[in-house]
Amino acid sequence: MTERVRVAVIGGGPAGLTAAAALAPSVAGDVLVLEREVETGGIPRHSDHPGYGLRDLRRFMSGPEYARRLTGSAREAGARLETEAMVTGWAGPRTLEVTSPRGRRLVEADAVVLATGARERPRPARLIAGDRPDGVYTTGQLQNLVHLHHREVGRRAVIVGAELVSWSAVLTLHEAGCRTVLMTSEYDKPEAYTAFRVPGRLAFGVLVRARTRVVAIHGKGRVTSVEIENLDTGQRHRVPCDTVITTGDWIPDHELARAAGLDLDEGTRGPRVDTSLATSVPGVFAAGNLLHPVDTADVAALDGRHVAAAVLGHLAGEPAPGGGVPLVAEAPLRWVAPQLVRPGGPPPSRGKLLLWSDAFRTLPRVTATQDGRVLGRARLPWPAAPGRVFRVPYSLVAGADPAGGPVRLTLA
Ligand SMILES: Cc1cc2nc3c(=O)[nH]c(=O)nc-3n(C[C@H](O)[C@H](O)[C@H](O)COP(=O)(O)OP(=O)(O)OC[C@H]3O[C@@H](n4cnc5c(N)ncnc54)[C@H](O)[C@@H]3O)c2cc1C
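Computed from a prediction, not measured in an experiment: that's the story for all the values here.

Draft legend 1. Representation of the environment of valine 160 within the structure. Positionally, valine 160 belongs in strand S12 (residues 156-160). Assessed through its relative accessible area of 12%, valine 160 is described here as buried. On a C-alpha basis, the gap between valine 160 and threonine 184 in space is 5.2 Å, while along the polypeptide they are 24 residues apart. Discounting chain neighbours no more than four positions away, the residues touching valine 160 are Arg126, Thr184, Val214, Val244, Ile245, Thr246 and Thr247.

Here it is as structure tokens:
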């Protein structure tokens, strides 16, 4: 069976729901959101603490409340939300293979928005040696267990990573009656803002150790300890614990993008997009953390709002713009999103380029050059730090020569 819709949105998280809410009132025909989970809302659904909705809704709310709010808005706007519906592949450039308890079918769309999000690399992908006991989770798995399935975790946890999401794990562990005894970071200092770190440490008594890593997990059946290595001295010691949380270290949920043969970016590993969020296949767009693993939910949601203009343009028969100048992030920058600028084209969402830095800079200076010519330079008042997105004004690259070579972004 093949169903025809005007727009198919894959993923019912903040990006997908907001794209659907923005599109449904302006599209004649179905805007269908396909979500594999039993409810829409994405990660915020099980991230049960405040910190959501600031930039998009101008509110400060909990994850579950935010998820409900975005779900309600998409529905009220006229979008159709189908849950327990997993897109497993493609039967054509914009024809999706969908599997659900109602059976398997094809969904053919005039436009597709990929909004499948990102996930944390689990323990096996981080190559942490040792035994294979129970009690090792990513933050996402932990929050799912605690908030959605009301399951117990242990009593003493070690957290691998010290970024913002690591503190989200501390909150969940605390709620589940589990003390965080240690947080490790391989960087020179922990990645999260001081405003999180200091109160977090005071409130929960968490010991945070920079320049350390977990090299082995021990325990038969259940975790009993981890082995910590000091990266400067090479010294190792054991820390008794019954729970290990691997946090951050993101990978986009890019399987469908790869299966579609979309151009992928080596840095983000998500689809390469231009500033309108169009991918390399006409009529296929992308939004949210699939493009920038990982920023906050409101930024993902605002991507969803931003992508609507390009989707509507495509539905109105506007040809896909060709050409474009690639953006290249140079070390210590790991990636930039979007990766393609078209001089004269629209600015990116919020007029910002999103970058990821592997090094700390307190007052960072970013320079954009094209063919050896400086296009723009700015000293920014906010820091660049590992473990969180670093935002740079688009004006730095807006004057790129459409006939010139790639624009290189450097950080000093
Ligand atoms: C532990 C944790 C704490 C966080 N805390 C905060 C915070 O306090 N404030 C904040 O602003 N942000 C926070 N974030 C970040 C925020 O959750 C994300 O930025 C946001 O959820 C990204 O939205 P998204 O729509 O891009 O992706 P997601 O929320 O990941 O949604 C993607 C959706 O796509 C679905 N999907 C994927 N593949 C398929 C498929 N093939 N078929 C059908 N459906 C599919 C998934 O099931 C999912 O529902 C936190 C993240 C984590 C992990």
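Right, picking up where we left off after that structure.
Draft legend 2. Focus on the environment of glycine 12. Residue placement: glycine 12 occurs in the loop between strand S1 (2-10) and helix H1 (14-23). Here glycine 12 falls in the buried class, since its relative accessible area comes to 0%. Distance from glycine 12 to glutamate 82, taken between C-alpha atoms, is 8.9 Å for residues 70 residues apart in sequence. Leaving out residues up to four positions away in the same chain, glycine 12 has contacts with Leu17, Val33, Leu34, Glu35, Thr40, Gly41 and Gly42.

Draft legend 3. Structural context of the sheet that holds strand S25 (residues 365-370). With mixed pairing, the five strands of this open sheet are ordered in space as S23-S21-S28-S25-S26. Single-partner strands in this sheet number two, and they are strand S23 (340-341) and strand S26 (373-379). Pairing of strand S21 (residues 325-329) with strand S28 (residues 407-411), which is carried by three bridges, proceeds in the parallel orientation. Bridge assignment links valine 328 to a residue of S28, and that residue is arginine 408.

Draft legend 4. Layout of H1. Within H1, eight of the ten residues are buried, leaving the element largely enclosed by the surrounding structure. Within the sequence span of H1, burial applies to Pro14, Ala15, Gly16, Leu17, Thr18, Ala19, Ala20 and Leu23. Looking at the buried positions of H1, the neighbouring elements they touch are S1, strand S2 (31-34), helix H3 (63-77), strand S5 (80-82) and helix H8 (297-315).

Draft legend 5. Focus on the site of the ligand. Residues in close proximity to the ligand total 36 residues, the closest being Ala15, Glu35, Gly51, Asn289 and Asp295. In this structure, a nitrogen atom belonging to the ligand sits 3.0 Å away from a main-chain N or O atom of valine 87. Between the ligand and alanine 297 there is a distance of 2.9 Å, counted from an oxygen atom to a backbone nitrogen or oxygen. When the ligand is considered free in solution it has 1000 Å² of accessible area, and contact with the protein chains removes 93% of it. Those elements giving two or more residues to the shell around the ligand turn out to be H1, strand S3 (50-52), strand S6 (86-92), helix H4 (139-148), helix H5 (164-175) and H8. Looking at which element gives the most residues to the shell around the ligand, the answer is S3, with three residues. Split into classes, the residues belonging to the shell around the ligand amount to 17 nonpolar, 15 polar and four charged.

Draft legend 6. Focus on the UniProt feature "domain: FAD/NAD(P)-binding" (unreviewed entry) in the chain. Here the UniProt feature "domain: FAD/NAD(P)-binding" (unreviewed entry) sits at residues 6-301. Overall, residues 6-301 shows 24% helix and 31% strand. The separation of its end C-alpha atoms is 21 Å.

Draft legend 7. Summary view of the side chain of aspartate 295. Within the secondary structure layout, aspartate 295 lies in the loop between strand S20 (284-286) and H8. Its relative accessible area of 10% is what places aspartate 295 among the buried residues. At 2.5 Å, the side chain of aspartate 295 forms a polar contact with the side chain of arginine 391. When near neighbours in sequence (up to four residues on either side) are disregarded, aspartate 295 contacts Asn289, Leu354, Val389 and Arg391.

Draft legend 8. Inspection of the side chain of serine 47 at higher detail. Along the chain, serine 47 turns up in the loop between S2 and S3. Classification of serine 47 as buried rests on a relative accessible area of 2%. Among the polar contacts made by the side chain of serine 47, one reaches the side chain of tyrosine 52 at a distance of 2.9 Å. Discounting residues that sit within four places of it in the chain, serine 47 has contacts with Tyr52, Gly63, Pro64, Gln143 and Ser168.

Draft legend 9. Fine view of the sheet that holds strand S10 (residues 129-130). In spatial order, the strands read S10-S15-S16-S17; together these four strands make up an open sheet with mixed pairing. Pairing within the sheet leaves two strands with one partner each, and these edge strands are S10 and strand S17 (236-240). Taken together, the six bridges between strand S15 (residues 212-218) and strand S16 (residues 225-230) define a ladder with antiparallel strand orientation. Opposite alanine 216, over in S16, you have glutamate 227 as the bridge partner.

Draft legend 10. Local environment of the packing of H5 against helix H6 (residues 194-204). For the pair H5 and H6, the least separation of the axes is 11 Å and the interaxial angle reads 20 degrees. As far as their axial angle goes, H6 and H5 are roughly parallel. Here the hand of the crossing between H5 and H6 comes out left-handed. In this structure, H5 uses Leu164, Trp167, Val170, Leu171 and His174 to contact H6, whose residues at the interface are Phe196, Arg197, Gly200, Arg201 and Phe204.

Rules used in this analysis
- Residues numbered from 1 in each chain as written.
- Predicted model: local features only at pLDDT ≥ 70, side-chain atom pairs only at ≥ 80, totals over all residues.
- Heavy atoms only, no water.
- Helix = DSSP H or I, 4+ residues; strand = E, 2+ residues; numbered from the N terminus.
- Buried < 20%, exposed > 50% of the residue type's maximum accessible area, 1.4 Å probe, protein only.
- Contact = heavy atoms within 4.5 Å.
- Pairing = 2+ DSSP bridges.
- Near = heavy atom within 4 Å.
- Polar contact = N/O pair within 3.5 Å; in protein donor to acceptor, adjacent residues only side chain to side chain.
- Areas by Shrake-Rupley, 256 points an atom, 1.4 Å probe, with all protein chains shown as cover.
- Nonpolar A, V, L, I, M, F, W, Y, C, P; charged D, E, K, R; others polar.
- UniProt positions renumbered as here; feature names shortened; annotations may be inferred.
- Axes fitted to C-alpha atoms, helices over the stretch in contact; angles between N-to-C directions.
- Parallel < 35°, antiparallel > 145°, perpendicular 65-115°, else oblique.
- Left-handed = near helix turned anticlockwise from the far one by under 90°.

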